[in-house]
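Listed below, chain by chain, are the residues.
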Amino acid sequence: MTNNLLEIRDLHKRYGTVEVLKGVDCTMRQGEVISIIGSSGSGKTTMLRCINMLEEFQGGTISIDGQEIGYEMVNGVRRRKREKDIARQRALTGMAFQQFNLFPHMTAAGNVALGLVKVKKMSRDEAEAIAEKWLDRVGLLSRKDHYPGQLSGGQQQRVAIARAIAMNPKLMLFDEVTSALDPELVNEVLQVIKGLAEDGMSMLLVTHEMRFAYEVSSRVIFMNQGRIGEEGNPREMFLKPKTERLTDFLKTSSFN
Amino acid sequence: MDFAFLDQLWLARLPLIKGLGVSISISFLSIAVGTVLGIFVGLALTYGYTPMQWLVRGYTDFIRGTPVLVLVLASYYVLSTVGVELGPFQAGILALAVFCSSHVGELVRGALQSIPKGQTEAAKAIGLTFSQTFAYVLGPQALRQALPAWVNTAAEMVKASTLLSIIGVGELLLRTQELISRTFMSLEFYFFAGFLYFVINYSIERFGRYVERKTAVPS
């Protein structure tokens, strides 16, 4: 047993014959905020999606709090866990998506409460109270009865974050949550994430917001061609990159 | 229009009302059974394992490629040769329900596939199981999506119910024809029957609009 919240060992992932993750190792302690940066196609989003089994992976292990995710060894054969167990394990993590993916036929409060009622088996009242607490936290309590179609992109993304975090996950995954937003709406979402970081929430962020990654992360991982190219604290990574790849990448990114 | 028609209409009111009732029963039953079956067909087409998808795909393609009249005749005459004895009413309902199920199946498949993948992923990410995802996230969205086309199919089923007159089910068309062969007022009574069919279908359409309005998502 280790005290690591997240442990990724030799993670391999293929789409057909194309190998997108070629052996990724990564550990994360409780309360860490790790940003994953890298050019598109480097495997950063795929890695994030493997952690909650939105993607299957062919080799290696991922453990959260000592629990192996998605697969188990039965008589020496690696087997996918039962769908029900995978669903339960997915609740260990919360995820926010680039496209928000709010349920359009439910109000903001309904979106947040759904998992609480159906997965956590709370009563309606209990779930609603928690939903309101988190909507308040992301500054949208007054919009709780609005439908996603009536909210701006930034507001939708904040509701989506509230929906994920209300489930009380051990680890939050953010997949390029500001990439689909108009520039003037980016900040309100980043402020919410920053607040969560200050609360000590463990978070893994795939992001193109280099300035934000620099400010909020305790550690930065640079993904390059399916492997971890370089990792370290944000100061070293952004100001004194060791590898040529990272240097090149930072030149083309908006960090300056 | 002279009064002879109204006299005849009054005289024939009971068989006509009965016929109308039978037509409505046929339509209602075949739509209900066909829709329930069709939802399973749509689910199998969308989420079934590959062999099952092939099987169900074969079923829908075969049924959709067959004229409804042929299905009705087959259900009544062919099934009895293999030992399944159905009365004309039951055989007719079976044929129409099967026909309806293949159409509803396609509607459901189309509606489910039009929902962005992110919806399923978001549902999974908060820990919903597949059946929960379907019940609370995909189903309600697919329902709204499929509703207008479903109303169309329902209206088609009402029209197709007339085909059961061929195998001797005493529905509205057969009763009308019997009446015409007695009174020779073909124009009047065909028009009258047509009017009744229009009323049924118009009501279905209004009902569909009403449900659409009631379930619309504000944006």
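Remember, it's a predicted structure, so these values are computed and weren't measured experimentally.

*Asks:* Honestly, the overall build of chain B in this entry has me stumped. Any pointers?
*Replies:* Helix and strand counts for chain B stand at nine helices and zero strands. Each helix and strand of chain B, placed in order from N terminus to C terminus, yields the pattern α-α-α-α-α-α-α-α-α. Projected onto its principal axes, the C-alpha positions of chain B cover 70 × 50 × 20 Å. Counting every position in chain B, which comprises 219 residues, the buried fraction comes to 43%. Put simply, of all contacts in chain B between residues at least 6 apart along the chain, 76% involve residues at least 24 apart. When the accessible area of chain B is evaluated, it comes to approximately 11800 Å², of which 69% is carbon and sulfur surface. For chain B, the centre of its 15 positive side-chain charges and the centre of its 12 negative side-chain charges are spaced 10 Å apart.

*Asks:* Explain the sheet that holds strand β5 (residues 67-68) of chain A to me, please; I cannot follow it from the model alone.
*Replies:* Remark on secondary structure: sheet strands pair via backbone hydrogen bonds, oriented parallel or antiparallel. Residue and element names in this part refer to chain A. Ordered by their spatial adjacency, four strands build an open sheet running β2-β1-β4-β5, and the pairing between neighbours is antiparallel. Two strands bound the open sheet, and with one partner strand each, they are β2 (18-28) and β5. Examined bridge by bridge, strand β1 (residues 6-15) and strand β4 (residues 59-64) share five bridges and lie antiparallel to one another. From the neighbouring strand, H12 faces β4, where its bridge partner is G59.

*Asks:* Help me understand the interface of chain A and chain B, please; the structure alone is not making it clear to me.
*Replies:* Many descriptions give the size of an interface as the accessible area lost when the pieces come together. At the interface, 25 residues of chain A touch 20 residues of chain B. Roughly 2000 Å² is buried in total at the junction of chain A and chain B, and carbon and sulfur atoms are behind 67% of that figure. Three residues, F103, H105 and K118 of chain A, lead the burial of chain A against chain B; their summed loss comes to 26% of the area buried on that side. Among the salt bridges present, the one from R49 of chain A reaches E121 of chain B, with a minimum N-O distance of 2.7 Å. Across the contact surface, chain A and chain B share six residue pairs in polar contact (both at pLDDT 80 or more). Secondary-structure elements contributing two or more residues to the side of chain A that touches chain B are α2 (83-90), β8 (93-96) and α3 (108-118) of chain A. The greatest single-element share of the side of chain A that touches chain B, amounting to three residues, is contributed by α3 of chain A. Partitioned by chemical class, the residues of the side of chain A that touches chain B number 13 nonpolar, seven polar and five charged.

*Asks:* Explanation requested: the environment of Q98 of chain A in the structure shown.
*Replies:* Along the chain, Q98 of chain A falls in the loop between β8 and α3. The residues touching Q98 of chain A, leaving out its near neighbours within four places in the chain, are Q157, D175, E176, V177, S179 and A180 of chain A.

The rules we used
- Residues numbered from 1 in each chain as written.
- Chains lettered and ligands numbered in written order.
- Predicted model: local features only at pLDDT ≥ 70, side-chain atom pairs only at ≥ 80, totals over all residues.
- Heavy atoms only, no water.
- Helix = DSSP H or I, 4+ residues; strand = E, 2+ residues; numbered from the N terminus.
- Buried < 20%, exposed > 50% of the residue type's maximum accessible area, 1.4 Å probe, protein only.
- Contact = heavy atoms within 4.5 Å.
- Areas by Shrake-Rupley, 256 points an atom, 1.4 Å probe, with all protein chains shown as cover.
- Lys, Arg positive; Asp, Glu negative; His and termini not counted.
- Charge placed at Lys NZ, Arg CZ, Asp CG, Glu CD.
- Pairing = 2+ DSSP bridges.
- Buried area = accessible area lost by both parts, 1.4 Å probe.
- Salt bridge = Lys/Arg side-chain N within 4 Å of Asp/Glu carboxyl O.
- Polar contact = N/O pair within 3.5 Å; in protein donor to acceptor, adjacent residues only side chain to side chain.
- Nonpolar A, V, L, I, M, F, W, Y, C, P; charged D, E, K, R; others polar.

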